[in-house]
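Structural description and commentary
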Amino acid sequence: MTTYTVINPATEQPLTQVARSTVEDADAAIQRAARAQQRWRAVAPGDRARLLRRFADQVDAHVDELAALETAEAGHPVGAARWEAGQVRDVLMYYAAAPERLTGRQIPVPGGLDVTFREPVGVVGLIVPWNFPMPILSWGLGPALAAGCAVVAKPAELTPMTAVRIAELALDAGLPEGVFQVLPGQGSVVGQRLVDHPDVRKIAFTGSSEVGRHVMAGCARHVKRLTLELGGKSANIVFADADLQKAAATAPYAVFDNAGQDCCARSRILVEASVLETFMALLEPAVRGVLVGDPADAATEMGPLISAAHRAHVASYVPDDAPVAIRGSVPDGAGFWYPPTVLAPVSPDSPAYTEEIFGPVVTVTPFADEAAAIAMANDTPYGLSGSIWTSNVGRAIRVARAVETGNLSVNSHSSVRYWTPFGGFKQSGLGRELGPDAVDAFTEVKNVFIATD
Ligand code: TAP
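All figures in this text were calculated on a predicted structure; none of them were measured in a lab.

Within the protein chain one finds 14 helices and 18 strands. On the principal axes, the C-alpha backbone points of the protein chain span a range of 75 × 60 × 40 Å. Counting across all 453 residues of the protein chain, residues that qualify as buried make up 56%. Restricting to contacts in the protein chain with at least 6 residues of sequence separation, those with at least 24 account for 73%.

In terms of nonpolar packing, the biggest core is built from 54 residues, with Phe55, Leu145, Val151 and Phe180 touching the most fellow members. A per-element tally of this core places helix H5 (residues 133-147) first, with nine residues. Apart from the residues lying within four places of it in its own chain, the contact partners of Leu145 are Trp40, Arg48, Leu52, Phe55, Val151, Leu175 and Val179. With 53 residues, the next largest nonpolar core counts Leu244, Ile269, Phe279 and Val362 among its residues.

Each assigned domain of the protein chain is listed with its residue range as follows: domain 1 (3-230 + 427-451) and domain 2 (235-417). Each of domain 1 and domain 2 has a C-alpha centre, and the two are 30 Å apart. Listed by partner, the interface residues are 27 residues for domain 1 and 28 residues for domain 2. Contact between domain 1 and domain 2 buries roughly 2200 Å² in total, counting both sides, with carbon and sulfur atoms accounting for 64%. Our enumeration of links across domain 1 and domain 2 arrives at zero salt bridges. There are nine residue pairs in polar contact (both at pLDDT 80 or more) connecting domain 1 and domain 2. Of all the secondary structure elements, the ones that give two or more residues to the side of domain 1 that touches domain 2 are helix H3 (63-74) and helix H4 (78-96).

With that out of the way, let us pick up the layout of surface pockets. Each pocket or cavity is described by its volume, and for the largest pocket that value is around 930 Å³. Lining the largest pocket are 38 residues, and of these Pro129, Trp130, Gly207, Ser208 and Val211 sit closest to its centre. Elements with a contribution of two residues or more to the lining of the largest pocket: helix H7 (187-196), strand S8 (200-206), helix H8 (209-222) and helix H11 (308-315). Here the lining of the largest pocket takes six residues from H8, the largest share from any one element.

What follows concerns the packing of aromatic side chains. Across all of its chains, the model carries seven aromatic pairs by this definition. Ring geometry for Phe55 against Phe180: centres 6.5 Å apart, planes inclined by 40 degrees, an arrangement best described as tilted. Here the residue Phe55 occupies a position in helix H2 (residues 45-61), and Phe180 occupies one in strand S7 (residues 180-182), the gap between them amounting to 125 residues. With centroids separated by 5.4 Å and ring planes inclined at 70 degrees, the aromatic side chains of Trp130 and Phe358 adopt a geometry described as edge-to-face. Separated by 228 residues along the polypeptide, Trp130 in the loop between strand S5 (123-127) and H5 and Phe358 in the loop between helix H12 (351-354) and strand S14 (361-367) bring together distant segments of the chain. Residue classification places Phe358 among the buried positions, given a relative accessible area of 17%. One aromatic cluster is present, built from ring pairs that chain together Tyr94, Tyr95, Tyr418 and Trp419. Of note, Lys202 hangs over the ring of Phe442, and the distance from its end group to the ring centre comes to 4.6 Å.

Around the ligand there are 32 residues in total, and Val128, Gly187, Ser208, Leu230 and Glu356 lie nearest to it. Within the side chain of Trp130, an N or O atom sits 3.1 Å from an oxygen atom of the ligand. Here an oxygen atom of the ligand and a backbone polar atom of Glu157 are 2.8 Å apart. The site holding the ligand turns out to be the largest pocket. Secondary-structure elements contributing two or more residues to the shell around the ligand are H5, H7, S8 and H8.

Attention shifts here to empty space enclosed by the protein. Space left empty within the atom packing is revealed by a probe, the size of a water molecule, rolled over the atoms. All chains considered together, the criterion is met by three cavities of 30 Å³ or more. In this structure, the largest cavity occupies an estimated 90 Å³ of space. What lines the largest cavity is a set of 19 residues, and nearest its centre among them are Ser234, Ala235, Ala377, Ser385 and Val403. At the level of elements, strand S10 (235-238), helix H13 (370-378) and strand S15 (386-389) are the ones that each hand at least two residues to the lining of the largest cavity. Ranked by the residues each element gives to the lining of the largest cavity, the list is headed by S15, at three residues. Size it by volume and the second largest cavity reaches roughly 60 Å³. Together, Gly232, Gly260, Asp262, Cys263, Ala265, Ser267, Glu356, Ile357, Phe358, Gly359 and Val361 line the second largest cavity. By residue class, the composition of the lining of the second largest cavity is five nonpolar, four polar and two charged.

Rules behind the numbers
Residues numbered from 1 in each chain as written. Predicted model: local features only at pLDDT ≥ 70, side-chain atom pairs only at ≥ 80, totals over all residues. Heavy atoms only, no water. Helix = DSSP H or I, 4+ residues; strand = E, 2+ residues; numbered from the N terminus. Buried < 20%, exposed > 50% of the residue type's maximum accessible area, 1.4 Å probe, protein only. Contact = heavy atoms within 4.5 Å. Core = buried A, V, L, I, M, F, W, Y, C linked by side-chain atoms within 4.5 Å. Domains from an automatic or database assignment. Buried area = accessible area lost by both parts, 1.4 Å probe. Salt bridge = Lys/Arg side-chain N within 4 Å of Asp/Glu carboxyl O. Polar contact = N/O pair within 3.5 Å; in protein donor to acceptor, adjacent residues only side chain to side chain. 1 Å grid on protein atoms, 1.4 Å probe; cavity = no way out; pocket = protein on both sides within 12 Å on 5 of 7 lines; lining within 4 Å. Points joined across faces, edges and corners; volume = space filled by probe spheres on them. Phe/Tyr/Trp six-rings, centres within 6.5 Å; stacked < 30°, edge-to-face > 60°. Lys NZ or Arg CZ within 6 Å of the ring centre and 35° of its normal. Near = heavy atom within 4 Å. Sits in = over half its atoms within 2 Å of the grid points. Nonpolar A, V, L, I, M, F, W, Y, C, P; charged D, E, K, R; others polar.

What follows is the structure, encoded as structure tokens:
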């Protein structure tokens, strides 16, 4: 078996060696999962719920350890990493309530009794990116296990360590062998095998739109169930009647959180032209105030980018002649650092304005009126998130209804909440995760008619 080295992006030092799974490993894991799923679906709902609660408790007891792993392999500030580990616990606990509530319907029909069941879809392939390795794993894992599915997860090559540890915690909690397995390895090998294998009945994929399209085409061959959570280029729309102080103070965190490696990053700030100057003056100290540094320091707000290659990609959007209006600072020395960067003015066809950068780079563009703001926000193939800043309630509702995106926040930059549905319009995805209905996406509806005559 070959191995590869996981690197700490804040120090560029090697962290650990991880096995690179092969197609044969994937086939064996899928076979184990298929057998385990038959037993798991037969576990009484109350017992399945109890095991999920124990799993959540195990995660809770290891929040600090998991956070330290996330900080080391992904460069996330330790405060954020603790929140992420806590989210895994909370998502598992939330969906632990589902097995006992997975009810069907009784539908009035002539000549008999008609009932529906929600059957588990079977083995689920969960393909996870490197930007939020723990939360995104849990968003698929919690509802899939609750539905009675078995999960084979493929973490991103760059960030496998937390997933491997969480799978150990699942066993410690008493989950049966094979119900949740983690296969570190290459996307083009292990991820592709999950897509191609006929015994994997559903793929839950989070990652780039480019790979997502490829995964969708692969799933089509088997008419395989599929959830896609893809990229974004979301707008933060600031109207002149907003609390400009608050809008400017919070705007950096809406895009530089996780060093901009966030599908929900509000990476286009659209500002009503009449207050552009005031807004920029307020934005400058806010951007310079973002604390970039050692992710292990509890005060740090922004860590490094994930890799040297990704930093080069981000930097390509800011050539020497780029219109840099504000730039923050980064530590000297080793680490894949990139400073918080504000570009303005940018032309509407500039790649920095049209493409997902997935780094700490944001553009600021003025708009004339409400109609123009909506048109600009929607002028993108993406539709994942966004924010609206205004003191006019009617406008907030009008604009929220008009912006073609799955998750909007008004006078805030709400991040993902596990209680509420999350997913994208247009090329940002397909289907929804989280919220009260997520378990449905891991089930098939079965209709049964029982004759009484
Ligand atoms: P991708 O390069 O698309 O990788 C995502 C996952 O897919 C990784 O585990 C990757 O494995 C795997 N993969 C690669 N090729 C594959 C193939 N042929 N078949 C199956 N799996 C394959 O994305 P990324 O760079 O890790 O993440 C950044 C992207 O994810 C951004 O576009 C971001 O917006 C998006 N994202 C979206 C969301 C939501 S919820 N919408 C959340 C987070 C991130 P390797 O690690 O081996 O490449």
